[in-house]
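Fold and geometry: a report
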Amino acid sequence: SQQTDKSDVCYLATQLELKVIRMVMNEKYFPKRARFVISNRLVDLAMDVSEKFDGANAIFPSSEKYLSDREELQVLGKSSFVSLKKQLNVAYQLFPNIPSGVMGEVFDLTSSIDSKYNNWFKSGRKVLKRELLKKESKKKKENVDVESEESKEKSELENTLERN
């Protein structure tokens, strides 16, 4: 379902953010001298991805404007995500002390986000279509109600005229 896809991407982005922060805080993996060069960049990117994805997910696409706002945040988050993956690869090559198991968990999360992102992105358009159909259906129902009310009034008027 769409809700699961959206939640999964945001949940995975948060998990990735937490793993990256924990990883770079470990001095066995990242020496202090690397903090300003690589570590801060990794944390900033991980936080940005999570923030943008959560922000996008918070926008319900009930109109084209809201969908556009949502998609803009999704794209910005994806851009940061691509940069984060590149920086993670650089860090893994520069710092051989990072255990492969730790990086494996991080890369598993990035793969999961990659696999779910497109469906999550597309879900906004599907939700908007559904919302527009609901509005259209509601309008038709209101028009039918107005028409039936008008014909009811007309019948009552005709009945009154016939009696007189």
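The following refers to the structure shown. (Residues numbered from 1 in each chain as written. Predicted model: local features only at pLDDT ≥ 70, side-chain atom pairs only at ≥ 80, totals over all residues. Heavy atoms only, no water.)

**Section: the overall build of the protein**
Across its full length, the protein holds four helices and zero strands. Here the protein holds 164 residues, and 32% of them are scored as buried. Of the contacts made within the protein by residues no fewer than 6 positions apart, 75% connect residues no fewer than 24 positions apart. When the accessible area of the protein is evaluated, it comes to approximately 10400 Å², of which 52% is carbon and sulfur surface. (Helix = DSSP H or I, 4+ residues; strand = E, 2+ residues; numbered from the N terminus. Buried < 20%, exposed > 50% of the residue type's maximum accessible area, 1.4 Å probe, protein only. Contact = heavy atoms within 4.5 Å. Areas by Shrake-Rupley, 256 points an atom, 1.4 Å probe, with all protein chains shown as cover.)

**Remarks on the nonpolar core**
Counting 31 residues, the largest nonpolar core has Leu16, Met23, Phe30, Leu42, Phe53, Leu84 and Leu88 as the members making the most contacts within it. Only α1 (2-25), α2 (35-57), α3 (64-94) and α4 (100-163) provide two or more residues apiece to this core. Excluding anything up to four places from it in sequence, leucine 84 contacts Leu16, Leu42, Leu45, Ala46 and Val49. (Core = buried A, V, L, I, M, F, W, Y, C linked by side-chain atoms within 4.5 Å.)

**Topic: the packing of α2 against α3**
It is the contact of α2 with α3, at a shortest axis distance of 8 Å, that shows an interaxial angle of 155°. Classed by the angle they form, the pair α2 and α3 counts as roughly antiparallel. Here α2 and α3 pass one another in a crossing that is left-handed. The residue makeup of the contact of α2 with α3, split by class, is 15 nonpolar, seven polar and five charged. (Axes fitted to C-alpha atoms, helices over the stretch in contact; angles between N-to-C directions. Parallel < 35°, antiparallel > 145°, perpendicular 65-115°, else oblique. Left-handed = near helix turned anticlockwise from the far one by under 90°. Nonpolar A, V, L, I, M, F, W, Y, C, P; charged D, E, K, R; others polar.)

**Observations concerning α3**
Over its 31 residues, α3 runs 45 Å from end to end, which matches the ideal 45 Å to within 8%, given 1.5 Å per residue. Among the residues making up α3, those that are buried are Leu67, Arg70, Glu71, Gln74, Gly77, Ser80, Phe81, Leu84, Gln87, Leu88 and Ala91. (Expected span 1.5 Å × (residues − 1).)

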